Amino acid sequence: MSDGTVTLFVNAAQTVTCAGPARARRDTEMQDAAVQAGVGVAVQGERIVAVDHDAALRGRYPDAVEIDCDRGVLAPGFVDSHTHTVFGRARYEEHELRATGVPYLEIARRGGGIHASVRDLRARSDDELYSVAVPRLRALAAGGVTTVEIKSGYGLTVHDELRSLRVIARLADAGPLNIVPTCLGAHEVPLEYRERPDGRAAWIDCLTNELYPAVAAERLARFADVFCEPGVFTVPETRRLLTAARSHGMDLKLHADELHDGGAAMLAAELGAVSADHLAAISPEGIAALAASSTVATLLPATMLFLGTGRQAPARAMIDAGIAIAVATDLNPGTSPLQSFPLVLTLAVSQLRLSAAEAWIAGTVNGAAALGLAGETGQLRQGFRADLAVHAADDFRALPYWFGERLCRVAWARGRACHLSA
């Protein structure tokens, strides 16, 4: 749409604008998705140029191309702020092992879990990794996702982590989805390092002295992430890693308190991390620390459901404390092989006890804030990126209600179609 053409999205039954401050929403702010009737959106190039009643838009842009929303729901594109999209084979066998009672960390100790995906990724070419990731991104777009964070973390050598990040950069260049890269070299301690007496310290030295400088030199990642969990990386180790990453220009994220309370949420608040993710085992002290910080809590309800833990992050207590909540798929081969963002909305309502409006805010505005993009995307507003979707429903509450349904008709990212239903 770079020729100056204006495109109007009109004739929506409801328009979920999520209009409001260009920052994470908290407390009662999450209850207002700013849903309107009779309102459309004008797009020119990569940006939204107007949000107004259909008649007003037609009067202002008489020569515009129109896209008929056909009495559907017009909304911002979803922001999937936590994924591991670049991986190889599925891990079917682990799903069955967990069903027999073998816990996740025990599977990892036996060489499964992350280590299984590491072995697989190291054996694949860059072209293979790119090819298997493309259909996953298409599936996310088919659910209305327009912005995706993608982590490395299945290479666990400097060479393979850089390869993974270069594949992510290639996916971003191919477009049209907006892709945000994260370096997760600290996903685990590689097995070959675990076998050494000094292995943990040596791997941390490798990350801080070799990987992070190389990532910064090529500008391959906006964020650095660490799996801060008992049995993986401790709080002191995570502090050292993230401090080093920050010195190389990366913003910070944490896999925090997923299975056990290890104090990671408090560390995220202390360091001013952009987001702390998972948080199913967060402590009252962790909740208080995040509430007093600017860190977004990204909750991943599909992960806890798929793991069969029978518990979820205490979302209501977190919202009541004043924490900004985002939700994401955690798309990965071992604990959340989920490519449908609307199902995350369903789980946000049924498992996390959010209202439909809170779920929408968590998947749009607050997802953008969890990536430092709250001033760019996540709401339908003049000057924001033209990241939007049209869903075959007459009420925004239908998306979390009709769970498992594919209702997205059209999705646009940066003013370009990234999904058109058949």
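Just so you know, these numbers come straight off a predicted model, no measurement behind them. (Residues numbered from 1 in each chain as written. Predicted model: local features only at pLDDT ≥ 70, side-chain atom pairs only at ≥ 80, totals over all residues. Heavy atoms only, no water.)

**Let's talk about unusual backbone geometry**
For step 1, the next point in the chain: Of the consecutive residues Gly-175 and Pro-176, the connecting peptide bond is found in the cis state with omega at 0 degrees.
For step 2, the next point in the chain: Its place among the elements puts Pro-176 in the loop between helix 6 (158-174) and strand 10 (178-186).
For step 3, the next point in the chain: Backbone geometry at Asp-27 places phi at a positive 50 degrees, although glycine is not the residue there.
For step 4, the next point in the chain: Phi angles above zero are rare outside glycine, and Leu-156 is one such case at about 55 degrees.
For step 5, the next point in the chain: Among the structural elements, Leu-156 can be located in the loop between strand 9 (145-151) and helix 6. (Helix = DSSP H or I, 4+ residues; strand = E, 2+ residues; numbered from the N terminus.)

**Structural notes on the nonpolar core**
For step 1, the next point in the chain: Membership of the largest hydrophobic core comes to 112 residues, with the highest contact counts inside it found for Leu-171, Tyr-212, Leu-279 and Leu-290.
For step 2, the next point in the chain: Looking at this core element by element, the count peaks at eight residues for helix 8 (residues 199-218).
For step 3, the next point in the chain: Residue contributions to this core reach at least three from each of two domains, namely domain 1 (6-76 + 378-420) and domain 2 (79-370).
For step 4, the next point in the chain: With sequence-adjacent residues up to four places away left out, Leu-171 is seen in contact with Val-86, Tyr-130, Ala-133, Val-134, Leu-137, Ile-150 and Ile-179.
For step 5, the next point in the chain: Cys-69, Leu-74, Ala-386 and Val-410 belong to the second largest nonpolar core, which has 13 residues in total. (Core = buried A, V, L, I, M, F, W, Y, C linked by side-chain atoms within 4.5 Å. Buried < 20%, exposed > 50% of the residue type's maximum accessible area, 1.4 Å probe, protein only. Domains from an automatic or database assignment. Contact = heavy atoms within 4.5 Å.)

**Examining the pattern of salt bridges**
For step 1, the next point in the chain: What the rule picks out here adds up to 25 salt bridges.
For step 2, the next point in the chain: With its nearest N and O atoms 3.7 Å apart, the salt bridge here joins Asp-70 to Arg-409. With Asp-70 in the loop between strand 6 (65-68) and strand 7 (73-76) and Arg-409 in strand 17 (residues 408-413), this residue pair connects regions lying 339 residues apart in the sequence.
For step 3, the next point in the chain: Classification of Arg-409 by relative accessible area gives partly exposed; the value is 23%.
For step 4, the next point in the chain: Two residues, Glu-358 and Arg-316, come together in a salt bridge whose shortest N-O distance is 2.9 Å. In this pair, Glu-358 sits in helix 15 (residues 356-363) while Arg-316 sits in helix 13 (residues 315-321), placing the two residues 42 residues apart along the sequence.
For step 5, the next point in the chain: When its relative accessible area of 3% is taken as the criterion, Glu-358 is described as buried.
For step 6, the next point in the chain: Residue Arg-316 is classed as partly exposed on the basis of its relative accessible area of 27%. (Salt bridge = Lys/Arg side-chain N within 4 Å of Asp/Glu carboxyl O.)

**Remarks on the UniProt feature "binding site: Zn(2+)" (unreviewed entry) in the chain**
For step 1, the next point in the chain: In this numbering, the UniProt entry assigns the feature "binding site: Zn(2+)" (unreviewed entry) to His-82, His-84, His-255 and Asp-330. Spanning 249 residues, the named residues nonetheless gather at one spot, since no C-alpha pair among them exceeds 12.3 Å. Of the annotated positions named here, the largest cavity is lined by His-82, His-84, His-255 and Asp-330.
For step 2, the next point in the chain: Considering the arrangement of structural elements, one finds His-82 in the loop between strand 8 (78-80) and helix 2 (92-99).
For step 3, the next point in the chain: Side-chain polar atoms of His-82 contact the side chain of His-84, separated by 3.2 Å.
For step 4, the next point in the chain: Here Asp-330 lies in the loop between strand 15 (325-327) and helix 14 (341-350).
For step 5, the next point in the chain: Contacts of Asp-330, omitting those with residues within four sequence positions, involve Asp-80, His-82, Thr-83, His-84, His-278, Leu-300, Thr-303, Thr-335 and Ser-336. (UniProt positions renumbered as here; feature names shortened; annotations may be inferred. 1 Å grid on protein atoms, 1.4 Å probe; cavity = no way out; pocket = protein on both sides within 12 Å on 5 of 7 lines; lining within 4 Å. Polar contact = N/O pair within 3.5 Å; in protein donor to acceptor, adjacent residues only side chain to side chain.)

**Considerations on the domain arrangement of the chain**
Many authors give the size of an interface as the accessible area that is lost as the parts come together.
For step 1, the next point in the chain: You can read the domains of the chain as domain 1 (6-76 + 378-420) and domain 2 (79-370).
For step 2, the next point in the chain: Every contact between the two is made by 36 residues of domain 1 and, on the other side, 40 residues of domain 2.
For step 3, the next point in the chain: Summing both partners gives a buried area of about 2,900 Å² for domain 1 against domain 2, and 64% of it is carried by carbon and sulfur.
For step 4, the next point in the chain: Looking only at domain 1, the three residues that lose the most surface to domain 2 are Arg-26, Met-30 and Arg-406, adding up to 25% of its buried area. (Buried area = accessible area lost by both parts, 1.4 Å probe.)

**Things to note about the sheet that holds strand 6**
For step 1, the next point in the chain: One open sheet holds the four strands; their spatial order is 5-4-1-6, and the pairing between them is mixed. The two strands at the open ends of the sheet, each matched to only one other strand, are strand 5 (47-53) and strand 6. Sheet twist, expressed as the average angle between the axes of neighbouring strands with direction ignored, equals 25 degrees.
For step 2, the next point in the chain: Note that strand 1 (residues 6-10) and strand 4 (residues 39-44) share four bridges and pair antiparallel. Residue pairing across strands places Leu-8 opposite Ala-42, the latter belonging to strand 4. (Pairing = 2+ DSSP bridges. Axes fitted to C-alpha atoms, helices over the stretch in contact; angles between N-to-C directions.)

**Some words on the environment of Val-39**
For step 1, the next point in the chain: Mapped onto the elements of the fold, Val-39 is located in strand 4.
For step 2, the next point in the chain: Here the alpha-carbon distance between Val-39 and Gln-14, two residues 25 residues apart in the chain, equals 7.5 Å.
For step 3, the next point in the chain: In this structure, Val-39 is in contact with Ala-12, Thr-15, Val-51, Asp-52, His-53, Asp-54 and Leu-74, ignoring residues within four places of it in sequence.

**Points about the packing of helix 14 against helix 15**
Angle between the axes and distance between the axes: these two values describe a pair of packed helices.
For step 1, the next point in the chain: The N-to-C vectors of helix 14 and helix 15 enclose an angle of 135 degrees; their axes lie 9 Å apart at closest approach. Judged by the angle between their axes, helix 14 and helix 15 are oblique. Note on packing geometry: the crossing formed by helix 14 with helix 15 is right-handed. Here helix 14 contributes Phe-341, Leu-345, Ala-348 and Val-349 to the contact with helix 15, which in turn contributes Ala-356, Ala-359, Trp-360 and Gly-363.
For step 2, the next point in the chain: Residues that form the contact of helix 14 with helix 15 fall into these classes: seven nonpolar, one polar and no charged. (Parallel < 35°, antiparallel > 145°, perpendicular 65-115°, else oblique. Left-handed = near helix turned anticlockwise from the far one by under 90°. Nonpolar A, V, L, I, M, F, W, Y, C, P; charged D, E, K, R; others polar.)

**Here's the deal with the layout of surface pockets**
For step 1, the next point in the chain: In this structure, the largest pocket encloses a volume near 230 Å³.
For step 2, the next point in the chain: Contributing to the lining of the largest pocket are Arg-98, Gly-101, Val-102, Pro-103, Tyr-104, Leu-105, Leu-259, His-260, Leu-307, Gly-308, Thr-309 and Arg-311.
For step 3, the next point in the chain: Partitioned by chemical class, the residues of the lining of the largest pocket number six nonpolar, four polar and two charged. (Points joined across faces, edges and corners; volume = space filled by probe spheres on them.)

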